[in-house]
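Structural overview
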Amino acid sequence: MVNERISHQIGFNHLCDLPCIKLQFGNASAVISLYGGQVLSYVPKAEEEVLWLSPKATWHNNTPIRGGVPVCWPWFGPADSRLNPMQMSLPNHGVVRTMLWQLTEQRCNNKYTRVVLAVTVNGLPYHSDSVTLQLTVTLSDTLSIDIACADKLLQQVALHSYFNIPKLEQTLVQPLPQHYLDKVSGKSMMGTTTTAEFTSEVDRIYQQPADDIHIISANTRVHIKQHGHDATIVWNPWQDKSRHINDLADNNYLEFVCVETARLQLDTAAPLQLNQTLIADY
Ligand SMILES: O=P(O)(O)OC[C@H]1O[C@@H](O)[C@H](O)[C@@H](O)[C@@H]1O
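The protein chain goes by Putative glucose-6-phosphate 1-epimerase in an unreviewed UniProt entry, where it is assigned to Rheinheimera baltica. Listed under Sequence similarities (unreviewed entry) in UniProt, the entry text for the protein chain is "Belongs to the glucose-6-phosphate 1-epimerase family."

**A few points about the side chain of Asp-146**
Following the sequence through the fold, Asp-146 ends up in strand β9 (residues 143–153). This buried residue, Asp-146, is left without a salt bridge; Arg-114 holds the nearest opposite charge, at 6.4 Å. Here Asn-275 takes part through its side chain, which lies 3.2 Å from a polar atom of the side chain of Asp-146. Those residues in contact with Asp-146 that sit more than four places away from it in its chain are Gln-134, Leu-135, Thr-136, Gln-273, Leu-274 and Asn-275.

**Here's the deal with the nonpolar core**
With 62 residues, the main nonpolar core has Trp-73, Leu-133 and Phe-163 as its most contacted residues. Setting aside anything within four residues of it in sequence, one finds Phe-163 in contact with Val-50, Leu-51, Trp-52, Ile-215, Val-222, Ile-224, Glu-255, Phe-256, Val-257, Val-259 and Leu-278. Formed by eleven residues, the second largest nonpolar core is a distinct cluster that contains Leu-15, Leu-18, Cys-20 and Ile-65.

**What about the packing of aromatic side chains?**
This model, assessed by the stated rule, comprises eight aromatic pairs. Relative to Phe-256, the ring of Trp-235 has its centre 6.1 Å away and its plane inclined at 50°; by these criteria the two rings are tilted. Here Trp-235 is found in strand β17 (residues 231–236), whereas its partner Phe-256 is found in strand β18 (residues 256–263), with 21 residues between them in sequence. The pair Trp-235 / Phe-256 is uniform in exposure class, with both members buried. Here a set of aromatic residues connected by ring pairs shows up, and it is made of Trp-52, Tyr-162, Trp-235 and Phe-256. Its guanidinium or amino end placed over the ring of Tyr-112, Arg-114 lies 4.1 Å from that ring's centre, counting from NZ or CZ.

Rules and cut-offs
- Residues numbered from 1 in each chain as written.
- Predicted model: local features only at pLDDT ≥ 70, side-chain atom pairs only at ≥ 80, totals over all residues.
- Heavy atoms only, no water.
- UniProt positions renumbered as here; feature names shortened; annotations may be inferred.
- Helix = DSSP H or I, 4+ residues; strand = E, 2+ residues; numbered from the N terminus.
- Buried < 20%, exposed > 50% of the residue type's maximum accessible area, 1.4 Å probe, protein only.
- Lys, Arg positive; Asp, Glu negative; His and termini not counted.
- Salt bridge = Lys/Arg side-chain N within 4 Å of Asp/Glu carboxyl O.
- Polar contact = N/O pair within 3.5 Å; in protein donor to acceptor, adjacent residues only side chain to side chain.
- Contact = heavy atoms within 4.5 Å.
- Core = buried A, V, L, I, M, F, W, Y, C linked by side-chain atoms within 4.5 Å.
- Phe/Tyr/Trp six-rings, centres within 6.5 Å; stacked < 30°, edge-to-face > 60°.
- Lys NZ or Arg CZ within 6 Å of the ring centre and 35° of its normal.

If you want it as structure tokens, here you go:
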């Protein structure tokens, strides 16, 4: 026990041997896995889970946990050739989803409950020095997730949040730029609205989106505030793709959408500071 509002626990949900930290603030709670430095749960008030965790998620055999808020770093998707000069076989979405992070700071006061986790990465294929990445999770009336790296290097990052939604067919994500890269077709598209809906596989990169995005689904609403980003990714694998993803059951695609806050630019080697804040049922 660190103190009454920050506690260590072994296991969360069916991931019964996973080392985790639980934060509490008033009636709100959050659970963070040290494996992946990954927020797994955010309950702003009793019984209302904002995040989705796959019932088939596992953390053994070097598998990233499917659900919560995975941290994709230092590349998003397959590594760009600038980050993979030797054309090695590298994991999708970077290397820190499968690393154990350390708890480095904790703080409670009458405004928030906060922990800081860090991970040091050696031997990136394009950068010989070790690099430290820091995750700060602050629970108050909202859940704020900051990811930071003080080193100047080429780096991409995404907070790949999985949101619980009651009804996929009644889910809207808005406002989004009309223009997006459609990863399903590989084409650049110009939509007719500023809303994403889900009637088939959705895998889109929106460049320079607004700082405020809303997920509206039946009677639930989540407001996402983002800073330091240059892109938002919206993803739902739909039925066919789900069948090929080991840690998703066939119908799980009906239960979540991913809305990801990302910085994807690779033009300049720069430090990193990205934030995604979740405000539920505002
Ligand atoms: O299976 P992973 O590595 O967690 O990736 C899941 C999805 O993550 C999204 O961010 C990508 O846009 C998708 O293309 C990808 O399929």
